[in-house]
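# Structure at a glance
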Protein chains: 4
Amino acid sequence: VENTYLFPPEEKRVVMSYRVPYADTDQMSVVYYANYFVFFERLRNELIRKSGKTYLEIEQSGLMFPVVEATCHYVRSAQYDDELKITGWLAWVQGSRFQIEYEILRGTEQLVTGHTIHNVITMDGGRPRRVPDCFSALVTQ
Amino acid sequence: VENTYLFPPEEKRVVMSYRVPYADTDQMSVVYYANYFVFFERLRNELIRKSGKTYLEIEQSGLMFPVVEATCHYVRSAQYDDELKITGWLAWVQGSRFQIEYEILRGTEQLVTGHTIHNVITMDGGRPRRVPDCFSALVTQ
Amino acid sequence: VENTYLFPPEEKRVVMSYRVPYADTDQMSVVYYANYFVFFERLRNELIRKSGKTYLEIEQSGLMFPVVEATCHYVRSAQYDDELKITGWLAWVQGSRFQIEYEILRGTEQLVTGHTIHNVITMDGGRPRRVPDCFSALVTQ
Amino acid sequence: VENTYLFPPEEKRVVMSYRVPYADTDQMSVVYYANYFVFFERLRNELIRKSGKTYLEIEQSGLMFPVVEATCHYVRSAQYDDELKITGWLAWVQGSRFQIEYEILRGTEQLVTGHTIHNVITMDGGRPRRVPDCFSALVTQ
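First, a word on what this report is: a plain description of the structure on this page. In this text the structure is predicted, and so the values were computed from the model without any measurement. (Residues numbered from 1 in each chain as written. Chains lettered and ligands numbered in written order. Predicted model: local features only at pLDDT ≥ 70, side-chain atom pairs only at ≥ 80, totals over all residues. Heavy atoms only, no water.)

### Digging into the overall build of chain A
Each helix and strand counted, chain A has three helices and seven strands in total. Ordered by position from N to C terminus, the α and β elements of chain A give β-α-α-β-β-β-β-β-β-α. Taking 14 Å as the expected radius of gyration for a compact globule of 141 residues, we find that chain A reaches 15 Å, a close match to that expectation. Over its C-alpha atoms, taken along the principal directions, chain A stretches across nearly 45 × 30 × 25 Å. Taken over 141 residues, chain A has a buried fraction of 62%. Pairs at least 24 apart in sequence give 68% of the contacts found in chain A among residues at least 6 apart. Accessible area for chain A stands at about 5,800 Å²; split by element, carbon and sulfur atoms hold 50% of it. Charge centroids of chain A, computed over 15 positive and 18 negative side chains, lie 5 Å from each other. (Helix = DSSP H or I, 4+ residues; strand = E, 2+ residues; numbered from the N terminus. Rg over C-alpha atoms; globule rule 2.2 N^0.38 Å. Buried < 20%, exposed > 50% of the residue type's maximum accessible area, 1.4 Å probe, protein only. Contact = heavy atoms within 4.5 Å. Areas by Shrake-Rupley, 256 points an atom, 1.4 Å probe, with all protein chains shown as cover. Lys, Arg positive; Asp, Glu negative; His and termini not counted. Charge placed at Lys NZ, Arg CZ, Asp CG, Glu CD.)

Here you go:
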């Protein structure tokens, strides 16, 4: 992956806090593996909001960002009532495609890393469109 | 509740089988309490299908059945890899409103009971409509 | 229900804020009905924390609070990216049993109300125990 | 990936059928991206069962298979009420590690592919163990 932002400057990272409910755990007393992708989405919403437009507004303007690939690497397990630090940043933009990197921590301890790749397409017809400038500015500034 | 079908004749019950994945469990090694409502929905889809129309077709005809009330009583816990028997039946129909009863078993052992009450409304405008005849036939036959 | 706290004094309410992710929505563009019970759990954790002990500590002391009944009344729908106000309070305590009331709002607009009833039992053996004093203080003060 | 089973012989594939509930959809009227990982888990349980031991029995024997990596590639979207064909196979085994490949179809149309990599460790202490013979037989036969 041509990710030159593996350790992005702090001002490019979006950080949010999240308290793990029972709902997210499984019988091994850890967060169920699929739920980290929901955490990724929570971060993604905040990252997009940072660009000056919410994803809701992007949809209202006729665009959508469907996921084409999603990966998670599991290092340590999050547990019930943990206060997680969910972080992420825009790794690259290329035409109608972009990648977001995620890192989830408990304090300073890394739990998981991952990424998602998205297409920018029109809601009406699914035609590819360039990544909106306001959003790609998050990587190029 | 004016439910005269608490023990409905067997032919009025819809029954489906469901294997519990890890995803449904929580750290007490039992199915997380909210997930039973998803089981109820799985049954509801099959109950509506039994009327001769799928819920998808009902939506395409311009109607929807939003939930106005949902209740679950928890007697025993379902666990990972249990093969559940999810059952349900149409309890009553009244104008634009109907109630479905649910019972979830493991073998012959009752785990939970519950019900949902739904409104029949138009997708366009949310105006109330009579419960479709094909569906209310499930209770009146 | 003998709920004398239907309109509890503000200091008895716990309030938390929650941003709705895509994950919580369904194809009607509203929060899927079962997910409100997860919102209830998020609030419940904070309500218990307010008693001076987290639910994690209660489990570590050998007790658990399984749900015996859960109900939700749906008035209006929450939507993607809504900033919800999830509130709740301890309605009553009776021996080994207690009830929590929930109300979810978007601004001042009521979306759903609901309650859960819980048993206090030992983790080892499932024997009933009195509701811990620190927790029942939330209702009796 | 050294996956020589990308097109495994049919007898090595496990296939299961799954009807998509409303619960799995999001407001784009497609299955929410994280839910495919739950579908993967449903298949994984059946694949392990095929080895002659259920995952429950593997846990009872003191082993567990935590996920260390999970990936999904999204080609087309599953929708409400679709009858999905979830398939998967054991791609490789190496010491205490193995990979499962997944493919989800609607009829003959490919919707997503993905894989998970798992460690075999002891439940008590988390020490690595060789993949059980009964399970690795699924790849070497």
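Further notes follow.
### Some details on the interface of chain B and chain A
Note: interface size is frequently given as the accessible area lost on complex formation between the parts. Each side of the interface is counted separately: chain B has nine residues, and chain A has nine residues. Overall, the association of chain B and chain A removes approximately 970 Å² of surface from exposure, summing both partners, and the carbon and sulfur fraction of that is 55%. Contact with chain A buries surface across chain B, with B:Tyr22, B:Gln27 and B:Tyr32 losing the most and accounting together for 59% of the total. Linking chain B to chain A there are zero salt bridges. Linking chain B to chain A there are four residue pairs in polar contact (both at pLDDT 80 or more). (Buried area = accessible area lost by both parts, 1.4 Å probe. Salt bridge = Lys/Arg side-chain N within 4 Å of Asp/Glu carboxyl O. Polar contact = N/O pair within 3.5 Å; in protein donor to acceptor, adjacent residues only side chain to side chain.)

### Observations concerning the sheet that holds strand β4 (residues 83-94) of chain B
The strand order across the open sheet formed by 10 strands is β1(B)-β4(B)-β5(B)-β6(B)-β3(B)-β3(C)-β6(C)-β5(C)-β4(C)-β1(C), and the pairing between neighbours is antiparallel. One side of each edge strand has no neighbouring strand; the edge strands of this open sheet are β1 (14-19) of chain B together with β1 (14-19) of chain C. The sheet shows a mean angle of 20° between the axes of neighbouring strands, direction not considered. The pairing of strand β3 (residues 67-74) of chain C with strand β6 (residues 109-119) of chain C spans seven bridges and is classified as antiparallel. Bridge pairing in β6(C) places C:Ala70 opposite C:Thr116. (Pairing = 2+ DSSP bridges. Axes fitted to C-alpha atoms, helices over the stretch in contact; angles between N-to-C directions.)

### Section: helix α1 (residues 35-50) of chain C
Since the α-helix turns once every 3.6 residues, residues separated by three or four places project in the same direction. Residue and element names in this part refer to chain C. Compared with the 22 Å implied by 1.5 Å per residue over 16 residues, the 23 Å span of α1 between its first and last C-alpha is a close match. Among the 16 residues that make up α1, 13 are buried, leaving the element largely enclosed by the rest of the structure. Immediately downstream of α1, the backbone of Gly52 shows phi near 110°, a positive value. (Expected span 1.5 Å × (residues − 1).)

### Here's the deal with the relation of the copies chain A and chain D
Placing chain A over chain D gives an RMSD of 0.0 Å and needs a rotation angle of 180°, together with 0.0 Å of translation along the axis. Both copies of the chain, as the preceding transformation shows, are related through a two-fold rotation axis. Minimal C-alpha separation from the rotation axis in chain A is found for A:Thr71, amounting to 2.1 Å. Same-surface contact between copies: 100% of interface residues of chain A are shared with the interface of chain D. (Least-squares fit on C-alpha atoms with pLDDT ≥ 70 in both.)

### A closer look at empty space enclosed by the protein
Here the structure, examined in full by the defined rule, presents one cavity of 30 Å³ or more. In this structure, the largest cavity encloses a volume near 710 Å³. In terms of lining residues, the largest cavity is bounded by 36 residues, among which A:Asn35, B:Ala23, B:Asn35, C:Asn35 and D:Asn35 are the most central. Those elements that provide at least two residues to the lining of the largest cavity are α1 (35-50) of chain A, α1 (35-50) of chain B, α1 of chain C together with α1 (35-50) of chain D. The class makeup of the residues in the lining of the largest cavity is 24 nonpolar, four polar and eight charged. (1 Å grid on protein atoms, 1.4 Å probe; cavity = no way out; pocket = protein on both sides within 12 Å on 5 of 7 lines; lining within 4 Å. Points joined across faces, edges and corners; volume = space filled by probe spheres on them. Nonpolar A, V, L, I, M, F, W, Y, C, P; charged D, E, K, R; others polar.)

### Observations concerning the sheet that holds strand β4 (residues 83-94) of chain A
Spatially, β1(A)-β4(A)-β5(A)-β6(A)-β3(A)-β3(D)-β6(D)-β5(D)-β4(D)-β1(D) is the arrangement adopted by the 10 strands of the open sheet, whose pairing is antiparallel. The open sheet has two edge strands with one neighbour each: β1 (14-19) of chain A together with β1 (14-19) of chain D. The average undirected angle you get between the axes of adjacent strands in this sheet is 20°. Packed onto the sheet, α1(A) meets β1, β3 (67-74), β4, β5 (97-106) and β6 (109-119) of chain A together with β3 (67-74) of chain D and runs at close to 140° relative to β1(A).

### Considerations on the pattern of salt bridges
Oppositely charged side chains can form a pair if their charged atoms are brought close together. Applying the stated criterion to the full structure yields 36 salt bridges over all chains. Two residues, D:Arg19 and D:Glu83, come together in a salt bridge whose shortest N-O distance is 3.2 Å. Of this pair, D:Arg19 sits in strand β1 while D:Glu83 sits in strand β4 (residues 83-94); the two residues are 64 residues apart in sequence, bridging distant segments of the chain. For D:Glu83, a relative accessible area of 42% translates into the label partly exposed. Here the residues in one salt-bridge network are A:Arg19, A:Asp81, A:Glu83, C:Glu46 and C:Arg49, joined through shared partners.

### Details of the interface of chain A and chain D
Across the contact, 22 residues belong to chain A and 22 residues belong to chain D. Both sides together, the interface formed by chain A and chain D hides about 1,800 Å², and carbon and sulfur atoms give 58% of it. Our count for the contact surface shared by chain A and chain D stands at zero salt bridges. Taken together, chain A and chain D are joined by 15 residue pairs in polar contact (both at pLDDT 80 or more). For the side of chain A that touches chain D, the secondary-structure elements that each account for two or more residues are α1 and β3 of chain A. A total of eight residues in the side of chain A that touches chain D trace back to one element, the largest contributor, which is β3(A). Residues of the side of chain A that touches chain D, tallied by class, amount to 14 nonpolar, four polar and four charged.

### Here's the deal with the side chain of B:Gln27
Mapped onto the secondary structure, B:Gln27 falls in the loop between β1 and α1. Among the residues examined, B:Gln27 registers a relative accessible area of 12% and is labelled buried. When near neighbours in sequence (up to four residues on either side) are disregarded, B:Gln27 contacts A:Tyr22, A:Thr25, A:Asp26, A:Gln27, A:Ser29, A:Tyr80 and C:Glu59.

### Describing the state of the cysteines
According to the stated counting rule, one finds zero disulfides over all chains in the structure shown. Left unpaired, B:Cys72 is separated from the closest cysteine sulfur, that of C:Cys72, by 13 Å. (Disulfide = S-S within 2.5 Å.)

Such coordinate-based values are descriptive only and should not be taken to indicate function.
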